[in-house]
Amino acid sequence: MYKPGGTIKALLEKIATQDYILPAIQREFVWWPEQICELFDSLMQGYPFGTFLFWKITQERRNEYKFYDFVRDYHERDRYHCELLKNPPNRELTAVLDGQQRMTALNIGLRGSYAWKMPGKRWATDAAFPIRRLYLNLLSEPNLESGCKYHFEFLTDYQAATPEKGEVWFRCGRVLTEDYDALVDSIDDLDLDKEGVKTARATLRLFHRTIHDKDVITYYEEENQSLEHVLNIFIRMNSGGTPLSYSDLLLSIAVAQWEEVDAREAIHTLVDDMNNEGDGFKFTKDLVLKAGLMLSDIGSVGFKVENFNKANMAVLERNWPKIRDAMMLAVQLLASFGFNNQNLRAESSILPIAYYLYARKLDGSYLNRAEFAGDRENIRSWLIRSLLKASGIWGSGLDTLLTALREKISAHAQQGFPVSQLEAVMALRGKSLAFTDVEIDELSELPYGDGRTFALLSLIFPGFDLSRHFHVDHIYPQGRFTDAQLRKAGVNEQLRESFGDKHNRLPNLQLLEGTINNQKRQKMPHEWYALQKPDARARKEYLAGLEIAELVEDIKQFPTFYECRKQALRVRIVNALVSPQSQAALAS
């Protein structure tokens, strides 16, 4: 039977006093600010709020399980995990099985804040994450396009204090902490006409009533104390819909079954540590879960409930320290190859490498020891070639492929990274690393920004220390190819049309260390290289190593430069990707 749960204010008070908490099987908060705003608009319009599912936990059993607090001040970089309750209140507790996202949204909107990264700002700088609180425009007008009637928005204090015409921003959290009459009377102090005062008062009155007076909460309460029973309910509640991903559900199962290690904290910490390596990555908990299955030799590495049974989770927990070490070593190896979140186009490609490092019990010395140089290069070459295939090695049929690769690595790892065995089993599954003439032609003109461009340049120009933050750079600067700049340089219309987007393709691209790239700016390459390498002979030899026979000084001659370097790069690509036998076939 469903029970009445009272008002939103009463709900938030129970969150604040930790009468409502989150069981370990719950996932993280995943709503974006827009979803929170839409929720508050729906409440204001009187739409159904949905029913909650609570789990009543008796006082004597509260220490048998792990629990987390609700997020209040969300920060995309620094504070996005729910905090573990190390000492839950010594009383009967109510754990939330269904409704966490809505309750957290209310908690953030009325008691906390939301900080997300601003575009164009560096991830490491605090200024990239301004603190924003939820505001309601008391002069809201319906938005016919979105269907929203009331304008809620997360704003900084400065934005709220500098409204546009037709805006009066009210910080929503004030409705919980300030006297109602005083709030309504404060509208009289605003510079509004009579109609504006009337609208603002009506909006504020409705908002206050929505939070304080309307009994919108209903819930069903489960009193069975068995975690297995509750887990079954949780699976039935969450396995059918898309809001909770299947991997989220399986992570919840793992969290509930680990005995010595806090699985949620361990997995999230590993994800964070992996993503902080090198120039930064964007690995996910899904990848780490799959890594746990793969490295522990569990099942078919698929996200299937049977793979997450108690016995398998015990194996995963027991192996966790070694799994963590292997994953971190694999990420450090990829970072030494120059990869990061911008140019690693398939995160799953790290898994066979991690399994190899795990199977051989290799440690951090592997990254630098000379005896492993050839082995590291074999991994790098195999990885890059798999990433260059436009058809997508790491897409459909991934679980089957990973299981097959694991089998080959397990059988051959002690002799070194088994490139030929892996390529053979990949070819049998329609994921060949052989490249056709058509593919070579496409690679010869890869565009700037393509996920494969860095990988290809790093393969055909192997002499760089790519751990030193190398970027893909234009040889002839992009700024020289605007219509205005080309006109200024005397390039006629017919020739301008022939340029197309050539300046943005592989023949006009090179690898350049980040600090040097910043110095180069819009300089023409012949001028810039003359400054960097004053000795003409040394400069010519260096450019030859980049397959640059001549740097034309007149931009009108750029098509000549482009075609010359394109052919030279194509030769390098063929030598790097195509076996001698296949090269002979291509030439015939």
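Residues numbered from 1 in each chain as written. Predicted model: local features only at pLDDT ≥ 70, side-chain atom pairs only at ≥ 80, totals over all residues. Heavy atoms only, no water.

### Let's talk about the environment of glutamate 306
Part 1 of the reasoning: Counting through the fold element by element, glutamate 306 comes out in the loop between α11 (285-295) and α12 (310-336).
Part 2 of the reasoning: In the structure, glutamate 306 is positioned 28 residues away from leucine 334 in sequence and 32 Å away in space, judged by C-alpha atoms. (Helix = DSSP H or I, 4+ residues; strand = E, 2+ residues; numbered from the N terminus.)

### So, the side chain of arginine 132
Part 1 of the reasoning: Relative to the elements of secondary structure, arginine 132 occurs in the loop between β7 (113-115) and β8 (133-137).
Part 2 of the reasoning: No salt bridge is formed by the buried arginine 132, whose closest oppositely charged neighbour, glutamate 153, lies at an N-O distance of 6.4 Å.
Part 3 of the reasoning: At 3.4 Å, the side chain of arginine 132 and the side chain of glutamine 159 are in polar contact.
Part 4 of the reasoning: Ignoring sequence-local partners within four residues, the contact set of arginine 132 consists of Ser113, Tyr114, Trp116, Met118, Phe154, Leu155, Thr156 and Gln159. (Buried < 20%, exposed > 50% of the residue type's maximum accessible area, 1.4 Å probe, protein only. Lys, Arg positive; Asp, Glu negative; His and termini not counted. Salt bridge = Lys/Arg side-chain N within 4 Å of Asp/Glu carboxyl O. Polar contact = N/O pair within 3.5 Å; in protein donor to acceptor, adjacent residues only side chain to side chain. Contact = heavy atoms within 4.5 Å.)

### Some remarks on the sheet that holds strand β10 (residues 169-171)
The strands making up a sheet are joined through hydrogen bonds of the backbone, oriented either antiparallel or parallel.
Part 1 of the reasoning: One open sheet accounts for 3 strands, arranged β9-β8-β10; its pairing is antiparallel. Two strands in the sheet have a free side with no partner beyond their single neighbour: β9 (152-155) and β10. Averaged over all pairs of adjacent strands, the angle between their axes in this sheet comes to 40°, without regard to strand direction.
Part 2 of the reasoning: For β8 and β10, the ladder comprises 3 bridges, and the chain directions are antiparallel. Within the sheet, the bridge partner assigned to tyrosine 135 lies in β10 and is arginine 171.
Part 3 of the reasoning: This element, helix α2 (residues 33-44), spans β8 and β9 of the sheet and lies at about 145° to β9.
Part 4 of the reasoning: Sheet strands touched by helix α7 (residues 194-212): β8, β9 and β10. Its angle to β8, the strand with the most contacts, is close to 135°. (Pairing = 2+ DSSP bridges. Axes fitted to C-alpha atoms, helices over the stretch in contact; angles between N-to-C directions.)

### Some points on the state of the cysteines
Part 1 of the reasoning: This structure, assessed with the given rule, holds 0 disulfides.
Part 2 of the reasoning: In this structure cysteine 148 is a free cysteine whose sulfur lies 8.3 Å from that of cysteine 37, the closest cysteine sulfur available.
Part 3 of the reasoning: The class of cysteine 148 is buried, set by a relative accessible area of 19%. (Disulfide = S-S within 2.5 Å.)

### Regarding the nonpolar core
Part 1 of the reasoning: Within the largest apolar cluster, 111 residues are counted, with the highest numbers of intra-cluster contacts made by Met327, Phe339, Trp382, Trp394 and Tyr476.
Part 2 of the reasoning: No other element matches the 13 residues that α12 contributes to this core.
Part 3 of the reasoning: Setting aside anything within four residues of it in sequence, one finds tyrosine 476 in contact with Phe481, Asn508, Met524, Pro525, Leu551, Val552, Ile555, Phe558 and Phe561.
Part 4 of the reasoning: Formed by 52 residues, the second largest nonpolar core is a distinct cluster that contains Leu11, Phe154, Ile187 and Leu206. (Core = buried A, V, L, I, M, F, W, Y, C linked by side-chain atoms within 4.5 Å.)

### Details of the sheet that holds strand β11 (residues 217-222)
Part 1 of the reasoning: On the basis of which strands lie adjacent, the open sheet formed by 6 strands has the order β1-β11-β3-β6-β2-β4 and mixed pairing. Edge positions in the sheet fall to β1 (3-6) and β4 (67-68), since each has one partner strand and no second.
Part 2 of the reasoning: In terms of strand pairing, strand β2 (residues 20-23) meets strand β6 (residues 93-98) through 2 bridges, oriented parallel. Residue pairing in the sheet places isoleucine 21 in a bridge with alanine 95 of β6.

### Considering a negative patch on the surface
Part 1 of the reasoning: Taken together, the side chains of Asp179, Asp181, Asp185 and Asp189 make up a negatively charged region of the molecular surface.
Part 2 of the reasoning: Along the chain, aspartate 185 turns up in helix α6 (residues 180-186). (Patch = residues over 30% accessible without salt bridge, like charges linked within 9 Å, V, L, I, M, F, W, Y side chains within 5 Å. Areas by Shrake-Rupley, 256 points an atom, 1.4 Å probe, with all protein chains shown as cover. Charge placed at Lys NZ, Arg CZ, Asp CG, Glu CD.)

### Description of the confidence of the model for the chain
Part 1 of the reasoning: Mean pLDDT over the chain stands at 88; residues scoring 70 or higher make up 90%.
Part 2 of the reasoning: Within the chain, the element-level pLDDT minimum falls on helix α25 (residues 580-587), averaging 49, and the maximum on helix α13 (residues 350-359), averaging 98.
Part 3 of the reasoning: Low confidence marks residues 240-244, where pLDDT is under 50. Its contacts with residues over four positions away, or in another chain, come to 5 contacts. (pLDDT = per-residue confidence, 0-100.)

### Description of the pairing of strand β13 (residues 509-513)
Part 1 of the reasoning: Buried residues dominate β13, accounting for 5 of its 5 residues.
Part 2 of the reasoning: The alternating pattern of β13 places Leu509, Leu511 and Glu513 on one face and Gln510 and Leu512 on the opposite face, and all of these are buried.
Part 3 of the reasoning: Relative to β13, strand β12 (residues 470-474) is paired through 5 bridges, and the arrangement is antiparallel. Note that in β13 the partner of histidine 471 across the bridge is leucine 512.

### Some thoughts on the pattern of salt bridges
Part 1 of the reasoning: Summed over the entire model, instances satisfying the criterion amount to 28 salt bridges.
Part 2 of the reasoning: For the salt bridge of arginine 102 with aspartate 98, the shortest nitrogen-to-oxygen distance reads 3.9 Å.
Part 3 of the reasoning: A relative accessible area of 15% means that arginine 102 is categorised as buried.
Part 4 of the reasoning: For aspartate 98, a relative accessible area of 23% corresponds to the partly exposed category.

### A word on the packing of α2 against helix α3 (residues 100-111)
Part 1 of the reasoning: Where α2 contacts α3, the two axes come as close as 10 Å, and the packing angle between them is 90°. As judged from the angle between their axes, α2 and α3 are roughly perpendicular. Each of Ile36, Leu39, Phe40 and Leu43 in α2 lies in contact with α3, whose residues at this interface are Arg102, Ala105, Leu106, Ile108, Gly109 and Leu110. (Parallel < 35°, antiparallel > 145°, perpendicular 65-115°, else oblique.)

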